[in-house]
Amino acid sequence: MKTYEDLAGDGGSNIVGQVVSKLEKLRSRLDGIKHKVALMSGKGGVGKSSLTANIASCLADRGHRVGILDADLNGPSIGQLLGVGNDHKLVLDDDGIEPGIGVQGIKIMSMDMLLSQPDSPVMWTEEPGATAVWVSTMESTALRELLSDTKWGDLDFLLIDMPPGSDRIDNIRELVPELAGVVEITIPSPLSQHIVSKSITKNRQMGVPVIGLVENMATYVCPHCDQEAKLFEGKDAKDLSQNKGIPFIGKVPFDTRLSRKTGSGGLFYTEHRDSITGQAIAQVVDAIQNFIANNPKS
Ligand SMILES: Nc1ncnc2c1ncn2[C@@H]1O[C@H](COP(=O)(O)OP(=O)(O)OP(=O)(O)O)[C@@H](O)[C@H]1O
Ligand SMILES: [Mg+2]
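Nothing here was measured: the structure is a model prediction, and the numbers come from that model.

Points about the site of ligand 1
Then, in step 1: Around ligand 1 sit 16 residues in total, of which Gly-45, Lys-48, Ser-49, Ser-50 and Asn-216 are the nearest.
Then, in step 2: Note that an oxygen atom of ligand 1 is positioned 3.0 Å from one of the backbone N or O atoms of Gly-47.
Then, in step 3: Within the side chain of Asp-72, a nitrogen or oxygen atom sits 3.4 Å from an oxygen atom of ligand 1.
Then, in step 4: When ligand 1 sits alone it has 630 Å² of accessible area, and the protein chains cover 76% of it.
Then, in step 5: The pocket occupied by ligand 1, as judged from atoms lying within 2 Å of grid points, is the second largest pocket.
Then, in step 6: For the shell around ligand 1, the secondary structure elements donating two or more residues are α2 (48–61), β9 (210–221), β11 (248–254) and α8 (256–260).
Then, in step 7: Looking at side-chain class alone, the shell around ligand 1 contains 6 nonpolar, 7 polar and 3 charged residues.

As structure tokens, this is what we get:
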């Protein structure tokens, strides 16, 4: 394989031209999408994917055309949540890949759809000792391909379900410069809030608009009597949003029906939109739509 040192000029490879044409392809693919919103948290396991799926469900319920990019390449879960697994037959032609179609017609692209077995891990290299920079470059390349090869068509919203970690926003910011904003998700535990606080700082440093903070698993809702009780001890996430100067846009209770509900049938939101948790999800969607309406450039 040629290295850059071997190349006189660009060695006839037209590297610059190739990079430009890849970026142009990405831009033209994203042109038909009105609003791109990333859902993230520095912390893992706080409900990013579950909320992304149910927010998508609520938007679709309101008549919007919605897609989800599962940007969690190592732990993809959007396909499972919306009923598109690796048994999904990929349809591709010269122009790209058809996205999976999940419940309510939500379009999906996820690494899960590209793996040979449901339990196949994503391996970037067989070699031990790959550096973090190398892995991050691989991830960024894979994300660009997923975004630009997918025939998203015209969408009102593309939601991006982010992997845990505050540094992952770098890749998305680079690939989707016209991101409307990010929704930060935390749970009430002090540890989660500590980590999410760093993620908010990072977004601010990078000039990424933060739509607001959502507190997931804020309370517990009894499925029998709809009574709410506290699930975690700890400071209200409202304090965190005030300290960071970002809007507090929702308090979503823990509801066992939300964690049971995956794939095959409808999503939690469509079946329980009138429950306390369903209404809380709808309020988060209101806040996202209001933010976009008040920031028309996004
Ligand atoms: N409000 C909720 N009520 C009940 N269960 C929930 C709620 N939010 C999330 N869960 C459950 O918590 C678990 C973690 O949620 P999820 O996978 O969405 O988190 P995540 O932040 O995407 O995780 P990861 O960092 O691994 O991507 C799942 O089992 C999910 O069903
Ligand atoms: Mg997830």
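Details of the state of the cysteines
Then, in step 1: Per the counting criterion, the structure on display carries 0 disulfides.
Then, in step 2: Lacking any disulfide linkage, Cys-225 is separated from the closest cysteine sulfur, that of Cys-222, by 3.6 Å.
Then, in step 3: Given the relative accessible area of 44%, Cys-225 is considered partly exposed.

Comments concerning the pattern of salt bridges
Close approach of charged atoms lets side chains of opposite charge pair.
Then, in step 1: Overall, the coordinates contain 15 salt bridges when judged by the stated rule.
Then, in step 2: Here Lys-151 and Glu-98 are joined by a salt bridge, their closest N and O atoms 3.4 Å apart. Residue Lys-151 is located in the loop between α4 (132–149) and β7 (155–161), and its partner Glu-98 is located in the loop between β4 (96–97) and β5 (100–101); the two are separated by 53 residues in the primary sequence.
Then, in step 3: For Lys-151, a relative accessible area of 16% gives the class buried.
Then, in step 4: Taking relative accessible area as the criterion, Glu-98 reaches 33% and is therefore assigned partly exposed.
Then, in step 5: Where salt bridges share partners, they join Arg-27, Lys-36 and Glu-178 into one cluster.

Cut-offs and rules
Residues numbered from 1 in each chain as written. Chains lettered and ligands numbered in written order. Predicted model: local features only at pLDDT ≥ 70, side-chain atom pairs only at ≥ 80, totals over all residues. Heavy atoms only, no water. Near = heavy atom within 4 Å. Polar contact = N/O pair within 3.5 Å; in protein donor to acceptor, adjacent residues only side chain to side chain. Areas by Shrake-Rupley, 256 points an atom, 1.4 Å probe, with all protein chains shown as cover. 1 Å grid on protein atoms, 1.4 Å probe; cavity = no way out; pocket = protein on both sides within 12 Å on 5 of 7 lines; lining within 4 Å. Sits in = over half its atoms within 2 Å of the grid points. Helix = DSSP H or I, 4+ residues; strand = E, 2+ residues; numbered from the N terminus. Nonpolar A, V, L, I, M, F, W, Y, C, P; charged D, E, K, R; others polar. Disulfide = S-S within 2.5 Å. Buried < 20%, exposed > 50% of the residue type's maximum accessible area, 1.4 Å probe, protein only. Salt bridge = Lys/Arg side-chain N within 4 Å of Asp/Glu carboxyl O.

Geometric values such as these leave the question of function open.
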